[in-house]
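So the chains spell out like this:
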Amino acid sequence: RIQILFEPSMNFLPLIFLWLVACSDALYFHMWETDVKCFVEEVPDETMISGKYKVELYQDATESFVAQQGVGMHVEVKDPDRKQILSKFYTNEGQFVFTTHTPGEHYICLSPNSTR
């Protein structure tokens, strides 16, 4: 069992103005090593999306979640046309960033990966 903390953030980047509006929430959930968790988010075009995450593995011996080498996160993002705009493996803690170029529902899918 894997525990994940995910903090998405959106920055709207208007072409004419030089200001940023930020929106941030946090999600906390458990997954099994083979699970995929997807989120659908309505996003305007030319919007930078960033997400921070932390992956921890459940240890039966200590009955707690701990960070462990060799366990990370795969992030896949698709635009409203279901065209892949990001697919990348990350370490057990970090951040991913992408910019939308089409307004509409974007699909952000997270799945743990393990080399242990």
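Residues numbered from 1 in each chain as written. Predicted model: local features only at pLDDT ≥ 70, side-chain atom pairs only at ≥ 80, totals over all residues. Heavy atoms only, no water.

Novice: Can you lay out the side chain of His 74 for me, pointing to particular residues and giving the numbers?
Specialist: Within the secondary structure layout, His 74 lies in strand S7 (residues 71–78). Engagement of the side chain of His 74 in a polar contact is seen with the side chain of Ser 87, the distance being 3.0 Å. Among residues more than four places away in sequence, those in contact with His 74 are Ser 87, Lys 88, Phe 89, Cys 109, Leu 110, Ser 111 and Asn 113. (Helix = DSSP H or I, 4+ residues; strand = E, 2+ residues; numbered from the N terminus. Polar contact = N/O pair within 3.5 Å; in protein donor to acceptor, adjacent residues only side chain to side chain. Contact = heavy atoms within 4.5 Å.)

Novice: Can you tell me about the state of the cysteines, naming the residues and giving the values?
Specialist: On inspection of all chains with the given rule, the structure shows one disulfide. At a sulfur-sulfur separation of 2.0 Å, the disulfide partner of Cys 38 is Cys 109. Given an S-S torsion of about 110°, the disulfide between Cys 38 and Cys 109 has right-handed geometry. Remark: Cys 109 occurs in strand S10 (residues 104–114) and Cys 38 occurs in strand S4 (residues 37–43); sequence separation between them is 71 residues. For Cys 38, a relative accessible area of 42% puts it in the partly exposed group. Exposure remark for Cys 109: the relative accessible area of 14% places this residue in the buried category. (Disulfide = S-S within 2.5 Å. Buried < 20%, exposed > 50% of the residue type's maximum accessible area, 1.4 Å probe, protein only.)

Novice: Any details on the sheet that holds strand S8 (residues 84–90)? Residues and values, ideally.
Specialist: Strand order in this open sheet of four strands is S4-S10-S7-S8, and the pairing throughout is antiparallel. With partners counted over all chains shown, the strands left at the sheet margins are S4 and S8, one partner each. Each strand of the sheet is rotated relative to its neighbour by a mean of 15°, with strand direction disregarded. Bridge count between S4 and S10: seven bridges; the pairing is antiparallel. (Pairing = 2+ DSSP bridges. Axes fitted to C-alpha atoms, helices over the stretch in contact; angles between N-to-C directions.)

On their own, these measurements won't tell you what the molecule is for.
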